[in-house]
Amino acid sequence: MTSTLRCAYHKYTFGKGDDKSLLVDIRRSNNDVRDWKIEKVDDNTFTGYQDGDGKIYFYAKTNYKIGQVEMVKDDKHEVAVLRFIDSKGVEPLEVKAGFSFVSIENAQMNLKAEMLNKSFAQVAEEADAAWEALLSKIQVAGGTEREKRLFYSTFFHAFKWPALRSDVNHEYTDVRGEVVNNGFHYYTDPSFWDDYRNKLVLIGMISPDVTTDIIRSIIDKGEKRDGYMPTFFHGDHASTFISGSWLRGLHDFDLERAYKLILKNATVPGKGGRRYLDEYMERGWIAEKDTVNVPTWDEYKGAVTKTQEYAYDDYAVALVAKELGDEANYKLMMERSNNYKTLFDPSTGFWRGKIDDGSWIQDFDPYYPYYQYMYREANAWNALFFAPHDPEGMIKLYPSKEAVEAKLDSLFSEPWRGYEAHNLTGFIGNYCHGNQPGHSIPYTYYFIDKQEKAQCILDSLMNHYYDMGADKLAYAGMDDAGEMSSWYVLNAIGLYTYSPADPEYIVTVPLFDKVTFNLNGRPFTIVKKGSGKKIIDITYDGKKIDGYFITHDQLREGKELVITTE
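Quick caveat, the model's predicted, so the values are computed rather than measured.

Draft legend 1. Looking closely at the pattern of salt bridges. By the definition in use, this model includes 37 salt bridges. Across the pair K37 and E39 runs a salt bridge, and its minimum N-O distance is 3.9 Å. The exposure class of K37 is partly exposed, given its relative accessible area of 38%. R165 serves as the salt-bridge partner of D53, at 3.6 Å between the closest nitrogen and oxygen. Of this pair, D53 sits in the loop between β5 (45–52) and β6 (54–62) while R165 sits in the loop between α3 (145–157) and β11 (171–173), placing them 112 residues apart in sequence. Residue class for D53 comes out partly exposed when judged on its relative accessible area of 42%.

What follows is the structure, given as structure tokens:
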């Protein structure tokens, strides 16, 4: 198999004396299939559609003549089988299929534009060339062969989502079911929880045109869905995506239209916006149910996680408000960005749920994992230290830096207590790398002058958690549409999006001796000196950098970042 953006090319090899048939199973999907259809149009053409997560049409051409389309079913399932005429022989069966979320006619148009008159070898070579052009935007030297293989494998996986849903003529079916053409490529919603942490920034650095089209797409959806910016699964992280993209220089979208949507999400309770926003606005935190013995899998509010994440989302909205000169909402959102402090319990050193009267939940075990009671797919340990916009203020919640260090050391050393829960896998102590909520925790060591301890954790995660299993193909947990892959990519080159809403990166020790990053046609380089874990010096263009952060604007200058370790 090979493909273009909107078309697939299948090639099937049969035995010399075999009659050729093709089984088409379009009753299966990751989403429920409501309806489907397949029919022969002429001797070498079949068409149809699958109505699942959107209605996708196809127009397919074959190199053998189609005799009939036979429906085969039992009491559980039904498939279509295409029988071909005079099909014995060594020549493979080839199927070229165009796809469209608009119509069969547009599927035919896409096929004609992208693939119809090309050979399998030509399409495959062009696909390889497209990936080579994309992945070669970051080139590495040094490191082991395993590290290089892991790097480019994770880099590849970072681009698996969102999905393109517009045709070569830019037509697409919008959220109202209408066919429109706004002159951009239309994409599905990003997996905002948790791609906002790193992957969406990485895509913006590598493919800025795709990124702005994704933003135009979510603006289009938001304006047609009662004025709320799309959310995804948990939280309200389009605000971080908008802020981080704009402040990194991606300006080919209407910021005022985007701001109107994210501001409504943050300030107007209603279906489509933030859940439990009314109580968050009223008191600065969300109450959890007053109950006991909650099973891991029960679904409640996820009140602690929402409060923490909404505070960060407020910060992202504030950054956009400042860009647009909306001083009143800038001040309001910056005040609200401190709400992460409201559920910190100094008696335990954890972020902890409160019930409606403001008292702490009494049935509290920091080791016990929940799907959505207090914490979203986490326990209290993995809800530690999430305030990327205010790490210094977060540290001050504890009596001393030594207390923070002790808490972090305990997180990475206290053993997981044997609980089995889907999506919670891949542990160092109680830290879970197989899910995303805690992915920024290791960097907390930077803010207590223990950067080398963070690097010990980062190195262990990159070394042990990305090519697991007998076949060396497994991650420690779910990739979440490329977030876990992007975490690896960025740490492997020595830059991480600690606060993705801000146009800056925390500097880590890269795996490679030299990295060349083509940033919008202007390459910058990263050079590692030394083989230790402790960073003793950082320079850019020969000038010393104070602290551990470098800005996106600096990287755009195309100079050399030197990281010296011992």
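Draft legend 2. Highlighting the UniProt feature "domain: Glycosyl hydrolase family" (unreviewed entry) in the protein chain. Here, UniProt's "domain: Glycosyl hydrolase family" (unreviewed entry) annotation points to residues 106–564. Helix makes up 38% of residues 106–564 and strand 14%, and the two end C-alpha atoms of the span are 55 Å apart.

Draft legend 3. Region of the structure containing the domain arrangement of the protein chain. The assigned domain composition of the protein chain is domain 1 (2–127) and domain 2 (138–565). Look at where the C-alpha atoms of domain 1 and domain 2 centre, and you get two points 39 Å apart. In this complex, domain 1 contributes 13 residues to the contact, which on the side of domain 2 involves 11 residues. The contact between domain 1 and domain 2 buries some 930 Å² in all, and 52% of this surface belongs to carbon and sulfur atoms.

Rules of the game
- Residues numbered from 1 in each chain as written.
- Predicted model: local features only at pLDDT ≥ 70, side-chain atom pairs only at ≥ 80, totals over all residues.
- Heavy atoms only, no water.
- Salt bridge = Lys/Arg side-chain N within 4 Å of Asp/Glu carboxyl O.
- Buried < 20%, exposed > 50% of the residue type's maximum accessible area, 1.4 Å probe, protein only.
- Helix = DSSP H or I, 4+ residues; strand = E, 2+ residues; numbered from the N terminus.
- UniProt positions renumbered as here; feature names shortened; annotations may be inferred.
- Domains from an automatic or database assignment.
- Contact = heavy atoms within 4.5 Å.
- Buried area = accessible area lost by both parts, 1.4 Å probe.

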